[in-house]
Amino acid sequence: MKMRIAVGMAAATAVTNEGLRTRYSGPALRIEGDDQVVQLAGEGGTQVFLAGRPIALRSADGVLRAVKPTDALRVMNADTCRDTWEGRFVMAVVHPDGSCDIVCDRYGQREVYYELGSEGGVFATDLSLVPGALRPSGYDQAALAHAMMIYGFRPPKRHTFYKGVRRLGVDQQVRVRNGRAQVLTKPFRPAPAQPYAEHDLERYADAFIDAVGVRASAGDNVVSLSSGWDSTAVLSCLVKLLGPSKVKAAIVRMQYAHRSGMINNFEIERATAFAKHYDVDLQIVDCDYR
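Residues numbered from 1 in each chain as written. Predicted model: local features only at pLDDT ≥ 70, side-chain atom pairs only at ≥ 80, totals over all residues. Heavy atoms only, no water.

To continue, consider the environment of H258. Within the element layout of this structure, H258 appears in the loop between β15 (247–257) and β16 (261–262). Considering only alpha carbons, one finds H258 and D61, 197 residues apart in sequence, at a separation of 55 Å. (Helix = DSSP H or I, 4+ residues; strand = E, 2+ residues; numbered from the N terminus.)

Structure below.
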């Protein structure tokens, strides 16, 4: 699923990536995408280009309701859709005057890579669509240091490994006006500290079950079971909602080195015990890193 939004002088440059076609073309704005990019027409000439999967709308009281991509027409305001939608998506909203807003889901699960210059810029859902990544002028030393020193081996959220090529962060969106693109950041407002009681735990449990439920499949669901809290909680929610027959689990048995041998015996043992407790099938996949 690929979408590329070119602004300013970059909009006049034809894309050569196989599988992309022009979905919108204006004086200083061009949107290209593959066949998986959904295009919707709104009222008054507004157009929406959607890459990704919105899965639920959040009501004022916090309840999630499963949605289809066509429900994008209900939430045309780019300033509020990030807080209203649940899912993994990037949305470009083109207004009748040719201006455009680019927004991600509120957790930034679907990446937007970008490169800005004095004559315009490029925003894309895939790094291969950004010129600065294909012909790098250098490497971001802070991003390289982070990848080598911090567990996870990745650059920080707003970085890439390439100079001048960035990623949208959480609570960031793009405003395109008159051939110029501006990255806007929503001000961070920390939640007030307060004591938590039993009803708060119940609210959290309900929200967690709702979040798993809207992501679940009516058919088979496979959980990558590490035996830790996160994956085991997801497993238990799926069993509660769908029953054990529609849930499966998988874990990797890691042969890490000749000296140390298999390094996750304790995870295998715990995952096996959890799978037995919830009466789900556990597939153990051997992976040899040696």
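A separate point is the side chain of E111. Mapped onto the fold, E111 is located in the loop between β8 (100–104) and β9 (113–117). At 2.8 Å, the side chain of E111 forms a polar contact with the side chain of K157. Among the polar contacts made by the side chain of E111, one reaches the side chain of R167 at a distance of 2.6 Å. Excluding residues that lie within four positions of it along the chain, E111 makes contacts with V90, A124, T125, K157 and R167. (Polar contact = N/O pair within 3.5 Å; in protein donor to acceptor, adjacent residues only side chain to side chain. Contact = heavy atoms within 4.5 Å.)

We now examine the pairing of strand β1 (residues 3–8). Of all 6 residues that make up β1, 6 are buried, and the element is covered over most of its length. Relative to strand β3 (residues 29–33), β1 is paired through 5 bridges, and the arrangement is antiparallel. Each residue of the ladder has a partner; that of I5, found in β3, is I31. Here 5 bridges tie β1 to strand β10 (residues 120–124), and the two strands are oriented antiparallel to one another. Bridge pairing in β10 places V7 opposite G121. (Buried < 20%, exposed > 50% of the residue type's maximum accessible area, 1.4 Å probe, protein only. Pairing = 2+ DSSP bridges.)

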